Amino acid sequence: MLLCLFSRAAAAALTLVLAHAAQAQIPQSERDALIALYNSAGGSGWTNNTGWNGAPGTECTWFGITCDSALSTVTDIALYSNNLTGTLSPISAFSNLQDFDVDDNKMSGPLPSLSGLKALQSFNAGGTYTGDGNNFSGPMPSLSGLTSLKTIGLRYNKLTGQVPSLSGLTSLQTFEFGENQFSGQMPSLQGLTSLQGFSVQYNNLTGALPSLVGLSNLVYMDFYGNQ
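Here is what the cut-offs are and how they apply
- Residues numbered from 1 in each chain as written.
- Predicted model: local features only at pLDDT ≥ 70, side-chain atom pairs only at ≥ 80, totals over all residues.
- Heavy atoms only, no water.
- Salt bridge = Lys/Arg side-chain N within 4 Å of Asp/Glu carboxyl O.
- Helix = DSSP H or I, 4+ residues; strand = E, 2+ residues; numbered from the N terminus.
- Buried < 20%, exposed > 50% of the residue type's maximum accessible area, 1.4 Å probe, protein only.
- Pairing = 2+ DSSP bridges.
- Axes fitted to C-alpha atoms, helices over the stretch in contact; angles between N-to-C directions.
- Polar contact = N/O pair within 3.5 Å; in protein donor to acceptor, adjacent residues only side chain to side chain.
- Contact = heavy atoms within 4.5 Å.
- Expected span 1.5 Å × (residues − 1).
- pLDDT = per-residue confidence, 0-100.
- Core = buried A, V, L, I, M, F, W, Y, C linked by side-chain atoms within 4.5 Å.
- Disulfide = S-S within 2.5 Å.

## What about the pattern of salt bridges?
Scanning the entire structure with this criterion turns up 2 salt bridges. A salt bridge links E59 to R31, with the nearest nitrogen and oxygen atoms 2.8 Å apart. Remark: R31 occurs in helix α2 (residues 28-40) and E59 occurs in the loop between α2 and β1 (65-67); sequence separation between them is 28 residues. We note that E59, like R31, is buried. Salt-bridge contacts for R155 lead to E179; the nearest nitrogen and oxygen are separated by 3.1 Å. With R155 in the loop between β8 (151-153) and β9 (158-162) and E179 in the loop between β10 (174-176) and β11 (181-185), the pair connects residues that are 24 residues apart, well separated along the chain.

Now the structure itself:
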């Protein structure tokens, strides 16, 4: 009798969980942004595109997509080494995004704005040293206000202009901008007390090196191949 009651209770609880999962849905703006990403980055040719463009409410099961515990918002987009081509569509709709990774694909064009992504902790869109990976070009978008950002990796692209200001990025630990076409002076590193690694090798940077005062957690820096 007790076993029967327990089984019924467990079944009822499972039904509630499944019902909650079925009703959970990310905002329409996030769904639209995911579909735009699929279309702009050649989703039909991805190595793995399981689930993509499925019915509303299924987005958190799409390959490379992670949502919060309530399945109500996208927190992680991990599509590295997945044969993404074309361009990168806007990602500003993902207001709760924490991690974004499209490393080692075959994308080009400009990087989208990162404005408003205050929860963003890591952003990786690097290419490959052989030159057959990502080749993003144009200026680097502003990093202003990204106070949660810990890691940003954009090696082996064709980004131009100045390295953006790092002012206020107090959580920043790793900054990898090597093998691009940045010019102008090095950015100030003042106040970046969490910084552990800083790499801007093989660019066209000029002028004096920034002050390293107060960078007590710094492990490595690479300025090789500049002016």
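## Remarks on the sheet that holds strand β2 (residues 74-78)
The sheet built from 8 strands is open, its strands ordered β1-β2-β4-β6-β8-β10-β12-β14 with mixed pairing. Looking at which strands have only one partner, the edges of the open sheet turn out to be β1 and β14 (220-222). Averaged over all neighbouring strand pairs, the angle between strand axes comes to 10°, with direction disregarded. Pairing analysis gives 3 bridges linking β1 to β2, with the strands arranged antiparallel. What sits directly across from T66, in β2, is D76.

## Quick notes on the side chain of R31
What makes R31 buried here is its relative accessible area of 10%. Polar contacts involving the side chain of R31 include one to the main-chain carbonyl oxygen of G54, which spans 2.9 Å. Those residues in contact with R31 that sit more than four places away from it in its chain are I26, N53, G54, A55, P56, E59 and W62.

## Looking at α2
Over its 13 residues, α2 extends 18 Å from the first C-alpha to the last, a length consistent with the 18 Å expected when each residue adds 1.5 Å. Close packing links the buried residues of α2 with β1, β2 and β3 (85-86). Downstream of α2 by one or two residues, G42 has phi in the positive range, about 65°.

## Some points on the pairing of β2
Turn length for the β1-β2 hairpin, with the two strands adjacent in sequence and antiparallel, is 6 residues, and the turn residue L71 shows positive phi of about 55°. Sheet analysis places β2 next to strand β4 (residues 99-101), joined by 3 bridges and oriented parallel. For I77, the partnering residue across the bridge sits in β4 and is F100.

## As for the side chain of S40
Checked against the element boundaries, S40 lands in helix α2. A distance of 3.1 Å separates a polar atom in the side chain of S40 from the backbone oxygen of T87. Not counting the four nearest positions on each side in its chain, S40 is found in contact with T85, G86, T87, L88 and S89.

## Quick word on the sheet that holds strand β7 (residues 135-139)
Spatially, 6 strands are ordered β3-β5-β7-β9-β11-β13 in an open sheet, and the strand pairing comes out parallel. Bordering the open sheet on either side are β3 and β13 (204-206), each of which pairs with just one other strand.

## Looking at the confidence of the model for the chain
Interpreting fine coordinate detail is not advised for predicted regions of low pLDDT. Across the chain, the average pLDDT comes to 92, with 90% of residues at 70 or higher. Within the model, pLDDT remains below 50 along residues 14-22, and this stretch shows 2 contacts once partners closer than five positions in the same chain are excluded.

## Describing the nonpolar core
Judged by nonpolar contacts, the single largest core of 52 residues is most densely connected at I77, F123, M140, I152 and F175. Those elements that provide at least two residues to this core are α2, β1 and β2. The element best represented in this core is α2, accounting for 4 residues. Those residues in contact with M140 that sit more than four places away from it in its chain are L111, L114, I152, L154, L159, T160, P164, F177 and F182.

## Brief notes about the environment of S188
Tracing the chain through its elements places S188 in the loop between β11 and β12 (197-199). Looking at S188, its side chain comes within polar contact range of the main-chain nitrogen of Q190, at 3.2 Å.

## Let's talk about the state of the cysteines
Evaluation of the coordinates by the stated rule reveals 1 disulfide. One disulfide bridge connects C60 with C67, the sulfur atoms lying 2.1 Å from each other. Between C60 and C67, the S-S torsion sits near -95°, and that sign places the bridge as left-handed. Since its relative accessible area comes to 12%, C67 is described here as buried.

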